[in-house]
Amino acid sequence: MSQTSAPRTRASIRSRRDADLPACVEALAQVHVTDGYPTNWPEQPAGWLAGDSLAGAWVAELDDRDVGHVALCRSGADDVVPALWSRGEGMAVEESAVVSRLFVAPGARGHGVGARLLERVVAEGRELGLSPVLDVVESEMFATALYERTGWQFLGTGRQHWSPQQIVTVRCYAAPGAVVPPS
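Counting starts from 1 at the beginning of each chain's written sequence and moves along it residue by residue. In view of the model being predicted, local features appear only for residues whose pLDDT reaches at least 70, and side-chain atom pairs are presented and counted only at 80 or more, with totals across whole chains, interfaces and linings using the full set of residues. Hydrogens and water are ignored here; the side-chain numbers use all heavy atoms of the structure.

Side note on the overall build of the protein chain
Within the protein chain one finds 5 helices and 7 strands. Ordered by position from the N terminus, the helices and strands of the protein chain form the series β-α-α-β-β-α-β-α-β-α-β-β. Taken over C-alpha atoms, the radius of gyration is set against a globule rule of 2.2 Å times the number of residues to the power 0.38. Expected size for 183 residues packed as a compact globule is a radius of gyration near 16 Å; at 16 Å, the protein chain falls within 12% of this value. Considering only C-alpha atoms, the protein chain reaches an extent of 60 × 40 × 30 Å along its principal axes. Only protein chains enter the accessibility calculation, which uses a 1.4 Å probe; a residue whose area is less than 20% of its type maximum is buried, one above 50% is exposed, and one in between is partly exposed. Classification of the 183 residues of the protein chain by burial places 43% in the buried group. Contacts: residue pairs with any heavy atoms within 4.5 Å of one another. Taking the intrachain contacts of the protein chain between residues at least 6 apart in sequence as the baseline, contacts between residues at least 24 apart amount to 64%. Surface accessibility follows the Shrake-Rupley procedure with a 1.4 Å probe radius. Residue values consider only the protein chains on display as shielding. Accessible surface for the protein chain amounts to roughly 10,000 Å². Of this, 51% is attributable to carbon and sulfur atoms. Computed over 16 positive and 22 negative side-chain charges, the separation of the two mean positions in the protein chain equals 5 Å. Helix and strand definitions follow DSSP, with helices as H or I runs of at least four residues and strands as E runs of at least two, each counted in order from the N terminus. Charged residues are defined narrowly, with Lys and Arg counted positive, Asp and Glu counted negative, and His plus the chain ends left uncounted. The atoms used to mark charge sites are NZ of Lys, CZ of Arg, CG of Asp and CD of Glu.

Digging into the sheet that holds strand E4 (residues 96-104)
Strands are labelled as partners when DSSP assigns at least two bridges between them. Taken in spatial order, the 7 strands line up as E1-E2-E3-E4-E5-E7-E6 in an open sheet, and their pairing is mixed. Each edge of the sheet is formed by a strand with only one pairing partner; in this case those strands are strand E1 (12-15) and strand E6 (153-163). Averaged over neighbouring strand pairs, the angle between their axes works out to 30° when direction is ignored. In this sheet, strand E7 (residues 166-174) lies alongside strand E5 (residues 131-137) in antiparallel orientation, the contact comprising 5 bridges. If you follow Val-133 over to E7, its bridge partner there is Ala-174. As a rule, the C-alpha atoms of each element are fitted with a line to give its axis, helices using only the stretch in contact, and angles between N-to-C directions run from 0 to 180 degrees.

Topic: the pattern of salt bridges
Each salt bridge in this description consists of a side-chain nitrogen of Lys or Arg and a carboxyl oxygen of Asp or Glu lying within 4 Å of one another. Enumeration according to the criterion identifies 6 salt bridges in this entry. The residue Asp-20 makes a salt bridge to Arg-14 at a minimum N-O spacing of 2.7 Å. Each member of the pair Asp-20 and Arg-14 is classed as buried. Salt-bridge contacts for Arg-120 lead to Glu-124; the nearest nitrogen and oxygen are separated by 2.8 Å. One end of the pair is Arg-120 and the other is Glu-124, both in helix H4 (residues 113-127) and 4 residues apart, which spans about a single turn. What you see here is one network of salt bridges that share partners, running through Arg-14, Asp-20, Glu-61 and Asp-66.

Brief notes about the confidence of the model for the protein chain
In this model, the protein chain carries an average pLDDT of 89, and 92% of its residues clear a pLDDT of 70 or more. A score from 0 to 100, pLDDT tells how confident the predictor is in each residue. Across the protein chain, element-level confidence peaks in helix H1 (residues 21-35) with a mean pLDDT of 97 and bottoms out in helix H3 (residues 80-89) with 87. Across residues 1-7, where pLDDT falls below 50, the model places 0 contacts with residues more than four positions away in sequence or in other chains. For the stretch residues 179-183, pLDDT sits under 50, and the model shows 6 contacts to residues farther than four places along the chain or on other chains.

Remarks on unusual backbone geometry
The omega angle of the peptide bond from Tyr-37 to Pro-38 is -5°, so this bond is cis rather than trans. Note that Pro-38 resides in the loop between H1 and helix H2 (45-50). The phi angle at Asp-63 is positive, at roughly 55°, despite the residue not being glycine. Within the secondary structure layout, Asp-63 lies in the loop between strand E2 (54-62) and strand E3 (65-74). Look at Asp-63 and you get exposed, because its relative accessible area is 53%.

As for the layout of surface pockets
Throughout, the protein atoms alone are placed on a 1 Å grid, and a set of points is a cavity if a 1.4 Å probe fits but cannot get out or a pocket if it is open with protein on both sides within 12 Å along at least five of seven lines; lining residues have an atom within 4 Å of a point. Grid points are joined across faces, edges and corners, and a volume is the space filled by probe spheres set on the points. Taken as a whole, the largest pocket encloses approximately 1,500 Å³ of empty space. Forming the boundary of the largest pocket are 50 residues, of which Tyr-37, Ser-100, Arg-101, Leu-102 and Asp-135 lie nearest the centre. Across the lining of the largest pocket, the residue classes break down as 27 nonpolar, 13 polar and 10 charged. In this count, Pro and Cys sit with the nonpolar residues alongside Ala, Val, Leu, Ile, Met, Phe, Trp and Tyr, while Asp, Glu, Lys and Arg are called charged and the others, Gly among them, polar.

Have a look at this one:
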């Protein structure tokens, strides 16, 4: 007896609107319970998603529901990955942007949503003249697998200070086809 699977629906990716935040928070809560991301649940999850240094944010829709999210943020003074990228590429930290707040609701996985969100954020970052970089907590094996499967370039590890009491080891990556400094 052969078993056929239901046809896969392709997620659409669009700019996030304020009205998307409640659904995004709901999906983030599911991800937190399932995967422990984010490591520290924010007091104001919608504010955490909105962020202060946002250059842009996008959502993935599948079957008319917001099921994924990604943001692009300006590099902060304490961000490990832009500094690591900058040293390796010989370019200014300000020429990078950090991919952040990437998640896909557990029920929407297996449809390529994470990869599509990464494609979009890379394209948008490059349109702004920025090189996308990201970091991931070293223990996040599924996220690491996604980044490596989609061609992100491993830069090394670093220690990120989340607070005076919390320092985490992160794996740092640059987007596929990272900008090479002019000769």
